[in-house]
Number of protein chains: 2
Amino acid sequence: MQQSVYSSPLKTACSACNLRELCLPIELSGSEMTRLDALVTRKTAYRRGANLYRCGEKFHSLYAIRSGFFKTQVLHEDGREQVTGFQMAGEIIGMDAISSDIHTCDAVALEDSEVCEIPFARLEELSREIPALQRHLHRILSREIVRDQGIMLLLGSMHAEERLAAFLLNLSQRFAARGYSPTAFQLRMTRQEIGSYLGLKLETVSRTLSQFQLRGLIRIQNKSLQFLDIAGLQALIKPH
Amino acid sequence: MQQSVYSSPLKTACSACNLRELCLPIELSGSEMTRLDALVTRKTAYRRGANLYRCGEKFHSLYAIRSGFFKTQVLHEDGREQVTGFQMAGEIIGMDAISSDIHTCDAVALEDSEVCEIPFARLEELSREIPALQRHLHRILSREIVRDQGIMLLLGSMHAEERLAAFLLNLSQRFAARGYSPTAFQLRMTRQEIGSYLGLKLETVSRTLSQFQLRGLIRIQNKSLQFLDIAGLQALIKPH
DNA sequence: CGCTTTATTGATCCTCATCAAGGCGGGTGG
DNA sequence: CCACCCGCCTTGATGAGGATCAATAAAGCG
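Residues numbered from 1 in each chain as written. Chains lettered and ligands numbered in written order. Predicted model: local features only at pLDDT ≥ 70, side-chain atom pairs only at ≥ 80, totals over all residues. Heavy atoms only, no water.

Asks: How should I be thinking about the overall build of chain A in this particular structure?
Replies: Scanning chain A from terminus to terminus reveals nine helices and eleven strands. Put simply, chain A has 240 residues, and 56% of those count as buried. (Helix = DSSP H or I, 4+ residues; strand = E, 2+ residues; numbered from the N terminus. Buried < 20%, exposed > 50% of the residue type's maximum accessible area, 1.4 Å probe, protein only.)

What follows is the structure, encoded as structure tokens:
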């Protein structure tokens, strides 16, 4: 079930710029690899709080997160804001902008981060010549659709407790896939940001986390989180 | 605002199989057009209630809806089901399956419908040779991402009334874009399906629609819907 | 024409939002 | 180095929006 809500298969790094998402599953010849690397040249650092891009800006490139942590959010004119995702190392960000050539959300670094820029026009060009790359690009785009639909399901049919459990387990999985401990890590985002992502208020997030701790499922103090009973958390999601 | 939640720009039909989504914005030469048409051969009819595809089936093709109306839904093992979208003539369906080569949701006809099958491998092939087609395919995939994020926003931060108003206005827009009346049409789906899509229970949908009618915003009787005050509905979405 | 599915409406309950107060922590400037 | 401040978090009390349960009505379908 967790799998179906958030799929984040394990990936290994590739040469230029650990593009886990972009590179692994495809087998490229040496020269193809070189051409892909040539495409992904610039590496840029972003300090905590800095914007990778803003809503309304012209679209040029996708970005592969080399290290760090980002959030994407949509700002409503009436003040509401909604966090649409959290992205970590090895993930690709910016795909929403392809459709209109304009970024439709803000991307903000939640810690000091590094990204590789992937000029999209050149990626398209290259993927015309390398079918395996083309195929992979399509998979990445499609995976984003599946991921979003998982969140729709979460927002549309789960209670606060279930949402939070699913969220924590998803983070855990993604950290594990990157070789970090799946049972203890720092949350990079605030309660308010978690709430916005999950369609809850920050007080509800805080209360629910306290509940989980009380029941011996996790240990949480500020941003440091430790899992004590993963099966217990998983059990929270299943029934109804 | 409506625009940002659901974008469905007007499109005109193309030859083989009114593939509004697939064809319009790109300019193809005669021979390119012929090749695209050759790709999209089969037309199949589906009766109301029939499945276009089911969750778990192997992925082969995207489908362009030629006429009719579909819903896509995810079925939870614990019985919960969530409608993830409603698709009408001219829209492309099945893109979620690209990532894993397996369909991740069911697609069900809500009225007698016809679709054109687009074998995806051949579409990829052709789009390698026709850059304009490639570009367009990417836009379609990205548009789906944007659409889903709009729904996330709706589910995560709107009240029942706002959700329903946004939903009705979106339908109106899409009918208008296809040359039908934007102010009067038949709902193809049940209250239960609307509710599932919007993260509400069917009783809430029914009550809220009655409310709208009471306030003179719409006229609704069973499935036939008429808009009386579009501006009033739009106003419901904006403030908070 | 009867049966089943779908829709409406009411009464009640429960989850989560809201409002409010206080605590912790980390960064800054004196 | 300490004091202060500000952002972030926790916890409580209360209330509202929507879920749930239930009964009836209406419509679609064979």
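Asks: Would you mind showing me how to read the protein's contact with DNA strand D here?
Replies: Lining the immediate environment of DNA strand D, one finds 18 residues, of which Ser-206, Arg-207 and Ser-210 of chain A together with Ala-160 and Thr-204 of chain B sit closest. Near the protein, within 4 Å, the atoms of DNA strand D are sugar or phosphate in 63% of cases. Glu-203 of chain B is positioned such that a nitrogen or oxygen atom in its side chain is 3.3 Å from a base nitrogen of DNA strand D. Listing elements by their share of the surface near DNA strand D, those giving two or more residues are helix 8 (202-214) of chain A together with helix 8 (202-214) of chain B. (Near = heavy atom within 4 Å. Polar contact = N/O pair within 3.5 Å; in protein donor to acceptor, adjacent residues only side chain to side chain.)

Asks: Can you walk me through the interface of chain A and chain B in this structure?
Replies: The extent of an interface is frequently quoted as the accessible surface area lost upon association of the parts. Each side of the interface is counted separately: chain A has 47 residues, and chain B has 47 residues. Together, Arg-80, Arg-128 and Met-152 of chain A form the three largest contributors to the area buried by chain A at its contact with chain B, with a combined 16%. In this assembly, chain A and chain B are joined by six salt bridges. Residue Arg-135 of chain A is joined to Glu-124 of chain B by a salt bridge in which the shortest nitrogen-to-oxygen separation is 3.0 Å. If you look at where chain A meets chain B, you find 25 residue pairs in polar contact (both at pLDDT 80 or more). Elements represented by at least two residues in the side of chain A that touches chain B include exactly strand 5 (81-88), helix 4 (120-129) and helix 5 (131-157) of chain A. Looking at the side of chain A that touches chain B, the element that brings in the most residues is helix 5 of chain A, giving 20 residues. Its residues placed into classes, the side of chain A that touches chain B shows 18 nonpolar, 15 polar and 14 charged. (Contact = heavy atoms within 4.5 Å. Buried area = accessible area lost by both parts, 1.4 Å probe. Salt bridge = Lys/Arg side-chain N within 4 Å of Asp/Glu carboxyl O. Nonpolar A, V, L, I, M, F, W, Y, C, P; charged D, E, K, R; others polar.)

Asks: Please clarify how the sheet that holds strand 2 (residues 51-53) of chain B should be interpreted in this entry.
Replies: Consider a sheet: its strands pair through backbone hydrogen bonds, and that pairing is either parallel or antiparallel. Residue and element names in this part refer to chain B. Across the sheet, four strands lie side by side as 2-7-4-5; this open sheet has antiparallel pairing. The outermost strands of the open sheet, each flanked by one partner alone, are strand 2 and strand 5 (81-88). In this sheet, neighbouring strand axes are inclined to one another by 30° on average, regardless of whether the strands run parallel or antiparallel. The strands touched by helix 6 (residues 160-177) are strand 4 (69-75) and strand 5; relative to strand 5, the strand with the most contacts, the crossing angle is about 25°. (Pairing = 2+ DSSP bridges. Axes fitted to C-alpha atoms, helices over the stretch in contact; angles between N-to-C directions.)

Asks: Quick question: what am I supposed to make of the relation of the copies chain A and chain B here?
Replies: Between the two chain copies there is a screw-like relation: a rotation about an axis and a shift along it. Least-squares fitting of chain A to chain B yields an RMSD of 0.0 Å, with the superposition described by an axial translation of 0.0 Å and a rotation of 180°. The superposition of one copy onto the other is thereby described by a two-fold rotation axis. Proximity to the rotation axis, assessed at the C-alpha, singles out Arg-128 of chain A in chain A; its C-alpha lies 2.2 Å from the axis. Looking at the interface residues of chain A, 100% of them are also at the interface in chain B, so both copies use one shared face. (Least-squares fit on C-alpha atoms with pLDDT ≥ 70 in both.)

Asks: Explain the domain arrangement of chain A to me, please; I cannot follow it from the model alone.
Replies: Residues and elements named next belong to chain A. When its domains are assigned, chain A resolves into domain 1 (5-130) and domain 2 (158-236). With 22 residues of domain 1 in contact, the opposing surface of domain 2 contributes 17 residues. Summing the contributions of domain 1 and of domain 2, the shared interface buries around 1,800 Å²; its carbon and sulfur component is 55%. Taken together, the connections running from domain 1 to domain 2 amount to four salt bridges. (Domains from an automatic or database assignment.)

Asks: I tried to follow the environment of Ile-237 of chain A on my own but got confused; where do I start?
Replies: Take Ile-237 of chain A: it is sitting in helix 9 (residues 230-237). In this structure, the C-alpha to C-alpha distance between Ile-237 of chain A and Ala-184 of chain A, residues 53 residues apart in sequence, is 20 Å.

Asks: How should I be thinking about the environment of Glu-161 of chain B in this particular structure?
Replies: All names here are of chain B. Structurally, Glu-161 can be placed in helix 6. The sequence separation of Glu-161 and Glu-57 amounts to 104 residues, and the corresponding C-alpha distance is 37 Å. Those residues within four positions of Glu-161 in sequence are excluded, and the remaining contacts are Thr-208, Phe-212, Arg-215 and Leu-236.

Asks: Would you mind going over the nonpolar core with me for this structure?
Replies: A general tendency of soluble globular proteins is for nonpolar side chains to be buried together. Grouped together as the largest cluster of nonpolar side chains are 98 residues, with contacts concentrated most on Phe-167 of chain A together with Phe-167 of chain B. Discounting residues that sit within four places of it in the chain, Phe-167 of chain A has contacts with Phe-86, Met-189, Ile-194, Tyr-197 and Leu-198 of chain A. In terms of nonpolar packing, the next biggest core, distinct from the first, is built from 44 residues, Cys-116, Phe-120, Ile-130 and Ile-140 of chain B among them. (Core = buried A, V, L, I, M, F, W, Y, C linked by side-chain atoms within 4.5 Å.)

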